[in-house]
Amino acid sequence: MRPKTLFTHCAAVCTTFSAVMASYGPSDHPISTDAPKLPGGSQATDVTPGPFFQDFSPPFPTDSWWVGFGVPNQTDVVAGPFPFQCATLSSGLTFGLSDDRYFDGTSIHVDTQLDWTMGITGLPDGMNNRKATYWDTQAVCLRYFVGSGTMNTCLVQGSPYMTFEFNNAPVTLASANGPIQNFEWTTQGTKARMQNNGGTYLLYASGNAIDLQQNGNALVTSDAYTGVLRMAKLNSTSQEAILDAHAGIYAKGVTLSYDVSGSSATLTWKYNTTQLAGGSGDLLMLSWPHHRNAFVGNPSYVSDLTYLTVKGQMIGVAGDRWSMTHALHNVSWFASQDPDASCMAELKQLLAQDVGQFTAPIANEMYLWGGTVARAAQLATIADHLGETQLRDQVLAQLKITYDQWFNVSRSPIVAYESAWGGVIDIGADNGVQWYNDHHFLYGYFLHGAAVIAKYDADWLQQHKDVVTAFARDIGNPSPLDPYFTVSRHMDWFHGHSWASGIANSAGSRDQESSTEAINGYYGLTLWAEVLGDQDFLDYARLLLSIEITGAQTYWHLYPDADPKDINNPYPEQAFRALTTVGNVQDYQAGAFIFWGGLRTQIAGIQVLPVTPIGEITYDKAWMQGVLPYCQSEIDDQTIGTPFKAVIYAAYAAVDPKKAYELTKTVTDFGSGQSHTNQLYFISTQQPNLSICS
């Protein structure tokens, strides 16, 4: 199949520094380019983008690592470009790098650290003298300007260098972490070594030698400077020769493409580079465990260059092209196997009971409503799998009633197109949607239910296709040729999973709790792509789904028996891996906690629900073997409710379906998002022919 190339974005005012990237084309397969036709029309959120986007129009990213640059205050520290952290201040770009990783009994931490601020001397206070010039799926370029002087920088995830291009501007390099303890030229005007409380950094100058003089806690030039400055943190003296050898070439962005062939996809990143005058050597970037596990061929590792992060060791890779392979799962509406014969009679009885009790829920917010709808959607497909078409149609009739509420132009909450950032929101519901929080969680449920209706009712599909497809474009747009939605809103291609937080909290450190609700977002996207009959869209949705599952199994699932010496083990700390399940992955922290509860069954359960056929892939046996023992004390505690226990029991069928069935007998409440029918259906289809229900 033809390759698909993803997303470059450059303002019309781009100069030589970033205009080179404008030629790298986006995908030619948008889901749609039509204006969204939503019941609530078009409305803007209260949190409008700041002047960082002054040369651009929406849509804008809302979960990229650098989005904190674009929210109204524009000064919060953002997590990136990894391994660095940075912030845009009036005085310049401040940045730093900490690899002081520690475990506090619950979480792995690497705290924020800012070490240096690079800027133009004389920048005025305020936010109007810095702006974006370009962005793509992993990088952002920005410009500081005063008078005729400019400082441009392209911040690319995985670069061990921070790079700044000055044009006719005086330089101020100020310490942001204590006093300057040492500054010495190793090659006058072109290479220096400097130290403050943040450690030792190397400075490289190219194009023209630079004359930096110390002025208090800053290094400054007396005249305007034109040239390129690069900085890298030196963790050990052995790394200096490596950083020297690769300092002559740098990345300005990434062209991301993928090719699908059958049940696999090859993802290719082509770094767009600039060779400095007199520079040599290959581009040097840094990789994480999930990259290294997916690399195709024989990458040129630079193993002596490492930086320690929450996701484990970042290791150097030389070269300007990365290729990674991802298995595409054969997602189905149904379990991959028929229910065990011993369970069939009970399953049909439960199905009749659950369907008989289901009535259309009131659509007053997306989350709890979505879980209830997904529960019903599962009942419909289970009924179809069992040949109970009358029960299936009974569920579908109620689903249509509840979806009609979202299509109603005269009710509240109402679905609208949010025009300031570019996305679908529900006006009148207090659930974070207007902050672009959790869209993939919420809209995955919405798409799942809608796809099930559309699978069985072509007329309904044609009538409501445009509205529902707007939800799909919101979380799964593959192309910047769509003028209304950002590309892959929540997916972080470099981190290998999605983020949920959106533009809330000034878009600083991002987080995601429920890995499986993120997976469900792309499962729902996949089902909707299938009913649309759009193969390119389906390929893309399957790729997002595969990446999210791999991310969950790498960074949320903990394996106590994993080799702590394995360089691709993100969590070598044995005491942390003994906690079995990460509840929240953040940019600077990953831990066995969640914001809204402290029970182990809650922490594990939120990494299981909702239970759908994709769980056959997600609930890997090696992980689930540890989840049940980890939660045992709460399982035995009869004062703790059973909804989260129920989904854990269902997932335990990956290990022992008979035990999962017996444990399910103790469940008194399945919660709003799970049914007894779906519980037994999942358990009975994992390892059939075992007389599971005898």
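Residues numbered from 1 in each chain as written. Predicted model: local features only at pLDDT ≥ 70, side-chain atom pairs only at ≥ 80, totals over all residues. Heavy atoms only, no water.

## Regarding the overall build of the protein
Next up, step 1: Along the backbone of the protein there are 18 helices and 32 strands.
Next up, step 2: If one aligns the C-alpha atoms of the protein with their principal axes, the spans along those axes are about 85 × 55 × 45 Å.
Next up, step 3: Every one of the 694 residues in the protein was classed for burial, and the buried ones make up 62%.
Next up, step 4: Put simply, of all contacts in the protein between residues at least 6 apart along the chain, 70% involve residues at least 24 apart.
Next up, step 5: If you sum the accessible surface of the protein, you get close to 23000 Å²; carbon and sulfur atoms cover 47% of it.
Next up, step 6: Side-chain charges in the protein split into 35 positive and 63 negative, and the spacing between the mean points of these groups amounts to 4 Å. (Helix = DSSP H or I, 4+ residues; strand = E, 2+ residues; numbered from the N terminus. Buried < 20%, exposed > 50% of the residue type's maximum accessible area, 1.4 Å probe, protein only. Contact = heavy atoms within 4.5 Å. Areas by Shrake-Rupley, 256 points an atom, 1.4 Å probe, with all protein chains shown as cover. Lys, Arg positive; Asp, Glu negative; His and termini not counted. Charge placed at Lys NZ, Arg CZ, Asp CG, Glu CD.)

## Some words on the sheet that holds strand β31 (residues 584-586)
Next up, step 1: Judged by pairing direction, the sheet is antiparallel, and its 5 strands sit side by side in the order β6-β7-β32-β31-β30 without closing on themselves. The sheet is open, and its two edges are formed by β6 (101-103) and β30 (511-512), each paired on a single side.
Next up, step 2: In the sheet, β6 pairs with strand β7 (residues 107-110) via 3 bridges, with the strands oriented antiparallel. If you follow Tyr102 over to β7, its bridge partner there is His109. (Pairing = 2+ DSSP bridges.)

## Section: helix α10 (residues 535-555)
In an α-helix there are 3.6 residues to a turn, and that puts residues three or four apart on one side.
Next up, step 1: Between its first and last C-alpha, α10 extends 30 Å over 21 residues, near the 30 Å set by a 1.5 Å rise per residue.
Next up, step 2: Within α10, 17 of the 21 residues are buried, which leaves the element mostly enclosed by the surrounding structure.
Next up, step 3: One side-chain oxygen of the residue at the start of α10 lies 3.2 Å from the amide nitrogen of Asp536, identifying that residue as Asp534. (Expected span 1.5 Å × (residues − 1). Polar contact = N/O pair within 3.5 Å; in protein donor to acceptor, adjacent residues only side chain to side chain.)

## Let's talk about the pairing of strand β5 (residues 92-96)
Along any regular strand the residues' side chains alternate between the sheet's two faces.
Next up, step 1: Most of β5 sits inside the fold, with 5 of its 5 residues counted as buried.
Next up, step 2: The sheet contact formed by strand β4 (residues 85-89) and β5 spans 5 bridges and is antiparallel. Opposite Ala87, over in β5, you have Thr94 as the bridge partner.
Next up, step 3: Turn length for the β4-β5 hairpin, with the two strands adjacent in sequence and antiparallel, is 2 residues.
Next up, step 4: Summarising the sheet, β5 and strand β8 (residues 116-120) pair through 3 bridges and their orientation is antiparallel. For Phe95, the partnering residue across the bridge sits in β8 and is Trp116.

## As for the packing of helix α7 (residues 439-456) against helix α8 (residues 458-476)
The description of two packed helices rests on the angle between their axes and on the distance between the axes.
Next up, step 1: Remark: α7 packs on α8, axes separated minimally by 10 Å, with the N-to-C direction vectors making an angle of 160°. The angle between the axes of α7 and α8 places the two elements in the roughly antiparallel class. Helix-helix and strand crossings are classified by hand; for α7 and α8 the assignment is left-handed. Residues His439, His440, Tyr443, Gly444, Phe446, Leu447, Ala450, Ile453, Ala454 and Tyr456 of α7 form the contact with α8, whose participating residues are Ala458, Trp460, Leu461, Val468, Phe471, Ala472, Asp474 and Ile475.
Next up, step 2: Here the residues of the contact of α7 with α8 sort into 14 nonpolar, 3 polar and 1 charged. (Axes fitted to C-alpha atoms, helices over the stretch in contact; angles between N-to-C directions. Parallel < 35°, antiparallel > 145°, perpendicular 65-115°, else oblique. Left-handed = near helix turned anticlockwise from the far one by under 90°. Nonpolar A, V, L, I, M, F, W, Y, C, P; charged D, E, K, R; others polar.)

## A look at helix α6 (residues 389-406)
Next up, step 1: When the terminal C-alpha atoms of α6 are compared, their 26 Å separation across 18 residues agrees well with the 26 Å that a helix rising 1.5 Å per residue should span.
Next up, step 2: Listed as buried for α6 are Leu391, Arg392, Val395, Leu396, Leu399, Thr402, Tyr403, Gln405 and Trp406. Projected onto a plane normal to the axis of α6, the buried residues spread over an arc of 160° and lie on a single side.
Next up, step 3: The inward-facing, buried residues of α6 contact α4 (344-357), α5 (367-385), β26 (414-418), β27 (423-427), α7 and α8. (Arc of directions from axis to C-beta.)

## Description of the nonpolar core
Next up, step 1: Phe69 and Trp528 are the most contacted members of the largest nonpolar core, which totals 216 residues.
Next up, step 2: Top contributing element to this core by residue count: α10, with 11 residues.
Next up, step 3: Contact partners of Trp528, with chain neighbours within four places excluded, come to Leu447, Ala450, Ala451, Ala454, Leu461, Lys465, Val468, Thr469, Ala472 and Phe537. (Core = buried A, V, L, I, M, F, W, Y, C linked by side-chain atoms within 4.5 Å.)

## So, unusual backbone geometry
Next up, step 1: Cis geometry marks the peptide bond from Phe82 to Pro83; its omega dihedral reads 15°.
Next up, step 2: Tracing the sequence through the fold places Pro83 in the loop between β3 (42-43) and β4.
Next up, step 3: Note that the residue after Leu609, namely Pro610, is joined by a cis bond; omega there is -5°.
Next up, step 4: Within the fold, Pro610 resides in the loop between α12 (600-605) and α13 (615-618).

## Focus on the sheet that holds strand β17 (residues 213-215)
Next up, step 1: Pairing is antiparallel in the open sheet, where 6 strands are placed in the order β4-β5-β8-β13-β18-β17. Edge positions in the sheet fall to β4 and β17, since each of these pairs with one other strand and no more. Going from strand to strand, the sheet's axes swing by 25° on average, the running direction of each strand aside.
Next up, step 2: Sheet analysis places β8 next to strand β13 (residues 171-175), joined by 5 bridges and oriented antiparallel. Residue pairing for β13: Ile120 is matched across the bridge by Val171.

## Thoughts on the state of the cysteines
Next up, step 1: Per the counting criterion, the structure on display carries 2 disulfides.
Next up, step 2: Between the sulfur of Cys141 and that of Cys154 lies a disulfide, 1.9 Å long from S to S. Its S-S torsion of about 105° marks the bond between Cys141 and Cys154 as right-handed, since a negative value means left-handed. One end of the pair, Cys141, is in strand β10 (residues 139-146); the other, Cys154, is in strand β11 (residues 149-156), with 13 residues separating them in the sequence. In terms of burial, Cys141 and Cys154 fall into one category: buried. (Disulfide = S-S within 2.5 Å.)

## Observations regarding the environment of Ile210
Next up, step 1: Here Ile210 lies in the loop between β16 (199-206) and β17.
Next up, step 2: For Ile210, a relative accessible area of 3% gives the class buried.
Next up, step 3: In contact with Ile210, other than residues within four places in its own chain, are Val171, Trp185, Gly189, Ala205, Thr221, Tyr225 and Leu229.

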